[in-house]
Amino acid sequence: MANDEAVEQRLIAIADELRCLVCQNESLTGSRAELARDLRREIRSLIKAGKTDQEVLDFMVSRYGDFARYRPPLKPSTWLLWLGPFTLLGIGLGTLTWYVRRRRPDETPLSVDDQAKAAALLSGQR
């Protein structure tokens, strides 16, 4: 913890935007991994050095790539990350639609004998 409350507030705001590179599903703020502690120390030192929040984020991205951000920017190198889930959903819905349309009920008409048996069952006769 820094002695300056403003530094800590900025640290938390920045670290919430970054993913723990070890845990991957946790923010840098909530992670207890040793690397996360080191990265928080690095962010704290950059803030004390007078860097803006954007400069700190740019530093982290330049060092660890867009993967380090929870919301990476939309650019050609991250299209798959942003559009991949929607593409997979579309493929799944297309496959389901194709399967349902292809699968038709058996429309073989009943024979005269089967129709008589059905009529007898419906009328209560055996």
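Whatever comes next refers back to the structure up there.
## Remarks on the overall build of the protein chain
Okay, so step 1: Across its full length, the protein chain holds five helices and zero strands.
Okay, so step 2: For the protein chain, the α and β elements follow one another from N to C terminus as α-α-α-α-α.
Okay, so step 3: Computed over its C-alpha atoms, the radius of gyration of the protein chain comes to 30 Å, more than 25% above the 14 Å expected for a compact globule of 126 residues.
Okay, so step 4: Taken over the C-alpha atoms alone, the protein chain extends approximately 95 × 35 × 20 Å along its principal axes.
Okay, so step 5: Per-residue burial over the protein chain gives 25% buried out of 126 residues.
Okay, so step 6: Once local pairs closer than 6 in sequence are excluded, the contacts in the protein chain between residues at least 24 apart make up 45%.
Okay, so step 7: Looking at charge distribution, the protein chain has the averaged site of its 19 positive side-chain charges lying 4 Å from that of its 17 negative ones.

## Considering the environment of alanine 116
Okay, so step 1: Topologically, alanine 116 is positioned in helix α5 (residues 112-123).
Okay, so step 2: By relative accessible area, alanine 116 is classed as partly exposed at 47%.
Okay, so step 3: Note: C-alpha distance between alanine 116 and serine 27 (89 residues apart in sequence) is 71 Å.

## Description of the nonpolar core
Okay, so step 1: Residues Ile14, Leu18, Leu28, Ile43, Ile47 and Val56 are the most contacted members of the largest nonpolar core, which totals 18 residues.
Okay, so step 2: When residues of this core are traced back to their parent elements, those giving at least two are α1 (5-17), α2 (34-48) and α3 (53-64).
Okay, so step 3: Tallying contributions element by element places α2 first for this core, with five residues.
Okay, so step 4: When neighbours within four sequence positions are excluded, leucine 28 is seen to be in contact with Ala15, Leu18, Arg19, Cys20, Ala36, Leu39, Arg40 and Ile43.

## Some points on the environment of lysine 48
Okay, so step 1: The residue lysine 48 is located in helix α2 in this model.
Okay, so step 2: Look at lysine 48 and you get exposed, because its relative accessible area is 57%.
Okay, so step 3: For the pair lysine 48 and alanine 6, spaced 42 residues apart in sequence, the C-alpha separation works out to 10 Å.

## Focus on the pattern of salt bridges
Okay, so step 1: Going through the model one piece at a time under the given rule, you end up with eight salt bridges.
Okay, so step 2: Its salt-bridge partner being aspartate 53, residue arginine 10 comes within 2.8 Å of it at the nearest N-O pair. Here aspartate 53 lies in helix α3 and arginine 10 lies in helix α1, a separation of 43 residues in the sequence.
Okay, so step 3: Judged by relative accessible area, arginine 10 falls into the partly exposed class, the value being 27%.
Okay, so step 4: Taking relative accessible area as the criterion, aspartate 53 reaches 32% and is therefore assigned partly exposed.
Okay, so step 5: The salt bridge involving lysine 117 is made with aspartate 113; its shortest N-O contact spans 3.9 Å.

## Here we look at α2
Okay, so step 1: Compared with an ideal rise of 1.5 Å per residue, which puts 15 residues at 21 Å, α2 spans 21 Å between its outermost C-alpha atoms and is within 8% of the ideal.
Okay, so step 2: Where α2 is concerned, the buried positions are Ala36, Leu39, Arg40, Ile43, Arg44, Leu46 and Ile47. Each buried residue of α2 lies within a common arc of 160° when the element is viewed along its axis, so the set occupies one face.
Okay, so step 3: Its buried side turned inward, α2 meets α1 and α3.
Okay, so step 4: Within two residues after α2, glycine 50 carries a phi angle of roughly 95°, on the positive side.

How each quantity is defined
Residues numbered from 1 in each chain as written. Predicted model: local features only at pLDDT ≥ 70, side-chain atom pairs only at ≥ 80, totals over all residues. Heavy atoms only, no water. Helix = DSSP H or I, 4+ residues; strand = E, 2+ residues; numbered from the N terminus. Rg over C-alpha atoms; globule rule 2.2 N^0.38 Å. Buried < 20%, exposed > 50% of the residue type's maximum accessible area, 1.4 Å probe, protein only. Contact = heavy atoms within 4.5 Å. Lys, Arg positive; Asp, Glu negative; His and termini not counted. Charge placed at Lys NZ, Arg CZ, Asp CG, Glu CD. Core = buried A, V, L, I, M, F, W, Y, C linked by side-chain atoms within 4.5 Å. Salt bridge = Lys/Arg side-chain N within 4 Å of Asp/Glu carboxyl O. Expected span 1.5 Å × (residues − 1). Arc of directions from axis to C-beta.

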